Amino acid sequence: MNLPIKMTINEIISHLLEAKKILLLCHVSPDGDCIGSLVALGRALQRLNKDVCMASEDKIPGSLRFITEPGEILLTNEITEKFDTAVAIDSGDMQRLGLIGQELFSKADFRINIDHHSSNPLYGDLNLVQPQRAATGEIILDLIFNLGIEIDRSLAEPLYTAIFTDTGGFRFTNTTKDTLNKAALLVGYGASPNLISHEIYENKPLGYFKMLALAFGRFTIDEKICYTWISFDEMAEFGLDFEASEELSTFAKMLENTKMSLVFKQKEENLVKVSLRSQNGYDVAKLAEKFGGGGHKQAAGCTINAPLDVAIKEMLHAAKEVDH
Ligand SMILES: [Mn+2]
C-alpha cells in the first residue's frame, strides 16, 4: 500500500495500539541502526503494555551490547510463538531478515516494513520507507513521538546510536540538518555522545588491531578500486567474531585516488560477504544488486557463495565493468 507518510505513520500507530503480540525483527549481520531502532521501538511499545518480542537472526555484535539488556533480544531460532503483528526494521528486502526471520515475518497476520533503503520493494502490508532519512532510527524517533511516549535515556541512547552509526559518526553525505537536529534532541534526552562514540569506535581488543594490520597490509588498488580481504580462519586466530571485521570498510574508503572500496569477509568456507563503498558518486548499490545484495548508493553489501579467491575475482571483474 502506498499512502502519504503522515497517513502511513497514523495507520501504523493505530495498528500497533491495537496489536496484542508484536514481533520486531532486524536484518542479518545486525548493525547499530537496526539494533538501536529495534530496541527503542520495542521498549516504547512495552511501555504501552504490549507483549513485544525483539529478535535477530544473528547474534548482536559486542560493540552494540551496551544498548541492550542481557536477554532483551532473542535469536529468531529461539522463537516458537505466533504473532498477530510483525515489524521488519531497517531491512531493504525480506531476505535481509534471514531465513527464519523471513518465515516468522510471513506467518504474522499483519506485517509492517519500516526502512530507509531506496531499493525497498515495499514488502509489508504497511510500508514506512523514507530513503531521505540517514537512519531508520530517525523514522523510529518520529513514530515514538507520534505514539506520545516520553523519551528518556533508555530510548535516546539506542536511537542516537542508530543515527551515529549509519552516518559513520555524522560524516557521510546522508548527514542532514534534520539528522543533526534529531541527534541534538536525543542528547537532550540523555544520550551521551562521548560514551556512545567510545563504545562504538574504541574499546577494542588487541586482536582487532592485529586483524586490521593484516587486512591493511593487503590493500590493493586496481583501476581505482581499493580492495582487501580477511578469512574466517584469521578472524578465529585473532579471537574475533565475524562482526568485528565490519569496520574494515570504513578504513578502506579513506584511501586517496580511489573510486570504490571492496572488503571481502569470508564467513564460511564458501560464503563471502562483500562490503562496497563508493567515494565519488558511483552507485555501489547497483553493483551489489548484481550479486543479489543491495543497500545505498554510497554503501552497499552482498553475499557471494564461493571460495574467497573466486569471490574476489568475480566481484572485481563486475566492479571494473560498472557503468559510470
Ligand atoms: Mn540503516
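Structure: see above.
What counts and how
- Residues numbered from 1 in each chain as written.
- Predicted model: local features only at pLDDT ≥ 70, side-chain atom pairs only at ≥ 80, totals over all residues.
- Heavy atoms only, no water.
- Helix = DSSP H or I, 4+ residues; strand = E, 2+ residues; numbered from the N terminus.
- Rg over C-alpha atoms; globule rule 2.2 N^0.38 Å.
- Buried < 20%, exposed > 50% of the residue type's maximum accessible area, 1.4 Å probe, protein only.
- Contact = heavy atoms within 4.5 Å.
- Areas by Shrake-Rupley, 256 points an atom, 1.4 Å probe, with all protein chains shown as cover.
- Lys, Arg positive; Asp, Glu negative; His and termini not counted.
- Charge placed at Lys NZ, Arg CZ, Asp CG, Glu CD.
- Right-handed = clockwise from strand over helix to strand, strands pointing away.
- Pairing = 2+ DSSP bridges.
- Polar contact = N/O pair within 3.5 Å; in protein donor to acceptor, adjacent residues only side chain to side chain.
- Donors = N, O, S within 2.8 Å, 3.2 Å for Na, K, Ca; no water.
- Disulfide = S-S within 2.5 Å.
- Core = buried A, V, L, I, M, F, W, Y, C linked by side-chain atoms within 4.5 Å.
- Axes fitted to C-alpha atoms, helices over the stretch in contact; angles between N-to-C directions.
- Expected span 1.5 Å × (residues − 1).

A. Summary view of the overall build of the protein. Secondary structure assignment for the protein yields twelve helices and twelve strands. Taken over the C-alpha trace, the protein has a radius of gyration of 19 Å; the compact-globule value for 324 residues is 20 Å, and the two agree within 12%. The 324 residues of the protein split such that 53% are buried. Sequence-distant contacts, at least 24 apart, represent 66% of the contacts inside the protein between residues at least 6 apart. Carbon and sulfur atoms make up 51% of the accessible area of the protein, which amounts to about 14200 Å² in all. The positive charge centre, built from 32 side chains, and the negative charge centre, built from 45, are 3 Å apart in the protein.

B. The arrangement of the pairing of strand β2 (residues 51–56) in detail. Taken across its six residues, β2 has five buried, putting it largely inside the fold. With respect to chirality, the unit in which strand β1 (residues 21–25) leads through helix α2 (residues 32–47) into the neighbouring parallel β2 is right-handed. Sheet topology note: the β2/strand β3 (residues 73–75) ladder contains three bridges and is parallel. Bridged to Ala55 within β3 is Leu74.

C. A look at the environment of Thr167. Looking at where Thr167 falls in the secondary structure, it is placed in the loop between α5 (153–166) and α6 (177–188). Considering only alpha carbons, one finds Thr167 and Cys34, 133 residues apart in sequence, at a separation of 13 Å. Not counting residues within four places of it along the chain, the set of residues in contact with Thr167 comprises Ala134, Phe172, Asn174, Thr175 and Thr179. A distance of 2.9 Å separates the side chain of Thr167 from the backbone nitrogen of Phe170, its partner in a polar contact.

D. Expanded view of the coordination of the manganese ion. Protein coordination at the manganese ion comes from Asp33 (OD), Asp90 (OD), His116 (NE2) and Asp166 (OD), with a distance range of 2.1 to 2.3 Å. One chain supplies every donor for the manganese ion, spaced along it as D-x56-D-x25-H-x49-D. Note that Asp33 is positioned in helix α2 and Asp166 in helix α5, a separation of 133 residues in sequence. For the pair formed by Asp33 and Asp166, the shared burial category is buried.

E. Representation of the state of the cysteines. Applying the stated rule across the entire model yields zero disulfides. Left without a disulfide partner, Cys34 is nearest to the cysteine sulfur of Cys26, which lies 4.1 Å away. Owing to a relative accessible area of 0%, Cys34 belongs among the buried residues under this scheme. You can see Cys226 has no disulfide; the closest cysteine sulfur is in Cys302, sitting 16 Å from it.

F. Region of interest: the nonpolar core. Of all hydrophobic cores here, the largest spans 49 residues; its most connected members are Leu24, Ile35, Val87, Ile114 and Ile144. The element that contributes the greatest number of residues to this core is α2, accounting for eight residues. The contact partners of Ile114, leaving out residues within four places of it in the chain, are Leu41, Val87, Ala88, Ile89, Asp90, Ser91, Leu128, Thr136, Ile139, Ile140 and Leu143. Counting 24 residues, the second-largest nonpolar core is a separate cluster that includes Ile225, Ala288, Ile312 and Val322.

G. Layout of the sheet that holds strand β5 (residues 110–115). The six strands lie next to each other as β3-β2-β1-β4-β5-β6, forming an open sheet whose pairing is parallel. Where the open sheet ends on each side, the last strands, each with one partner, are β3 and β6 (126–129). Direction aside, neighbouring strands of the sheet carry axes that sit 25° apart on average. Pairing of β1 with β2, which is carried by five bridges, proceeds in the parallel orientation. Pairing of Leu25 across the sheet is with Ala55, part of β2. Contacts between helix α1 (residues 5–18) and the sheet are confined to β1, β4 (85–89), β5 and β6, with β6 contributing the most and set at about 125° to the helix. With respect to the sheet, α2 is in contact with β1, β2, β3, β4 and β5, its orientation differing from that of β2 by roughly 170°.

H. Focus on unusual backbone geometry. Its identity as a non-glycine residue notwithstanding, Ser29 has a phi of 45°, on the positive side. Among the secondary structure elements, Ser29 is positioned in the loop between β1 and α2. Accessibility expressed as a relative area gives 9% for Ser29, which makes it buried. With a phi close to 55°, Asn257 is a non-glycine residue in the positive phi region. Following the sequence through the fold, Asn257 ends up in the loop between α10 (248–252) and β9 (260–268). When its relative accessible area of 60% is taken as the criterion, Asn257 is described as exposed.

I. Structural detail: α6. With twelve residues, α6 extends 16 Å between its outermost C-alpha atoms, agreeing within 8% with the 16 Å of an ideal straight helix rising 1.5 Å per residue. On its buried side, α6 packs onto α4 (136–146) and α5. Remark: Gly190 follows α6 within two positions and exhibits a positive phi of approximately 115°.

As far as function goes, none of this settles anything; it's purely spatial.
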